[in-house]
Amino acid sequence: MKSYTLKSIGKTSDYMTIVREMEDGFVVKIFRDMDGYEDIKTDYISKELFESCIRTGYLTEIKEKVAVGA
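A short tour of the structure in this document, coming up.

Helices and strands together make up the secondary structure of the protein, namely one helix and five strands. Look at the contacts in the protein between residues 6 or more apart in sequence, and 33% of them connect residues 24 or more apart. For the protein, the computed accessible surface area is about 5200 Å², with 52% contributed by carbon and sulfur atoms.

Looking at the element boundaries, K47 is found in helix α1 (residues 47-56). Residue class for K47 comes out partly exposed when judged on its relative accessible area of 23%. In terms of polar contacts, K47 uses its side chain to reach the side chain of E21, at 3.0 Å. Engagement of the side chain of K47 in a polar contact is seen with the backbone oxygen of M22, the distance being 3.5 Å.

The strand order across the open sheet built from five strands is β4-β3-β2-β1-β5, with neighbouring strands paired in antiparallel fashion. Only two strands of the sheet have a single neighbouring strand rather than two, namely β4 (37-46) and β5 (59-62). Put simply, the sheet's adjacent strands are angled 30° from each other on average, direction ignored. Relative to strand β3 (residues 25-34), strand β2 (residues 15-21) runs antiparallel, the two sharing six bridges. Bridge pairing in β3 places Y15 opposite F31. Contacting β1 (3-6), β2, β3, β4 and β5, α1 runs over the sheet at an angle of about 120° to β4.

Following the criterion strictly, the structure yields three salt bridges and no others. Among the ionic pairs, R32 bridges to D14, the shortest N-O distance being 2.9 Å. You can see R32 sitting in strand β3 and its partner D14 sitting in the loop between β1 and β2, a full 18 residues away along the chain. Accessibility expressed as a relative area gives 27% for R32, which makes it partly exposed. The salt bridge partner of E61 is K63, with a shortest N-O separation of 3.8 Å. The class of K63 is exposed, set by a relative accessible area of 73%.

Conventions we followed
- The numbering scheme is per chain: residues are counted from 1 as the chain's sequence reads.
- It should be noted that, the model being predicted, local features are given only for residues of pLDDT at least 70 and side-chain atom pairs only at 80 or more, the latter also being counted only at that level, while totals for whole chains, interfaces and linings use all residues.
- Processing note: side-chain calculations cover all non-hydrogen atoms of the structure and skip hydrogens and water entirely.
- To qualify as a helix, a DSSP run of H or I must reach at least 4 residues; to qualify as a strand, a run of E must reach at least 2; elements of each kind are numbered from the N terminus.
- When checking whether two residues touch, look at their non-hydrogen atoms; a contact exists if any pair is within 4.5 Å.
- To be clear on the numbers: accessible area is Shrake-Rupley with a 1.4 Å probe, and residue cover counts the displayed protein chains and nothing else.
- Burial status follows relative accessibility: with a 1.4 Å probe on protein chains alone, a residue under 20% of its type maximum counts as buried, one over 50% as exposed, and anything between as partly exposed.
- Contacts described as polar in this section are N or O atom pairs within 3.5 Å, which, within protein, must combine one atom able to donate a hydrogen with one able to accept it, while residues neighboring in sequence count only if both atoms come from side chains.
- Any two strands between which DSSP finds at least two bridges are classified as paired.
- Inter-axis angles, ranging from 0 to 180 degrees, are taken between N-to-C directions of lines fitted to C-alpha atoms, where helices are fitted over the stretch in contact.
- Any carboxyl oxygen of Asp or Glu that lies within 4 Å of a side-chain nitrogen of Lys or Arg is treated as forming a salt bridge with it.

Here it is as structure tokens:
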């Protein structure tokens, strides 16, 4: 399970973790910290959009293990 930081405005430390790979995309869990309030969502991202986000730097792979919340 790989994790990626999300490029964001300000000093937030938002990241996402791939939960499952599918034929045409990924099921991901997105973790956002909004002024101490943690927002966790499970969503789908197509492989095409994912690859575009990697190319543009919106997503950057995290080399260290990230603790996954609830």
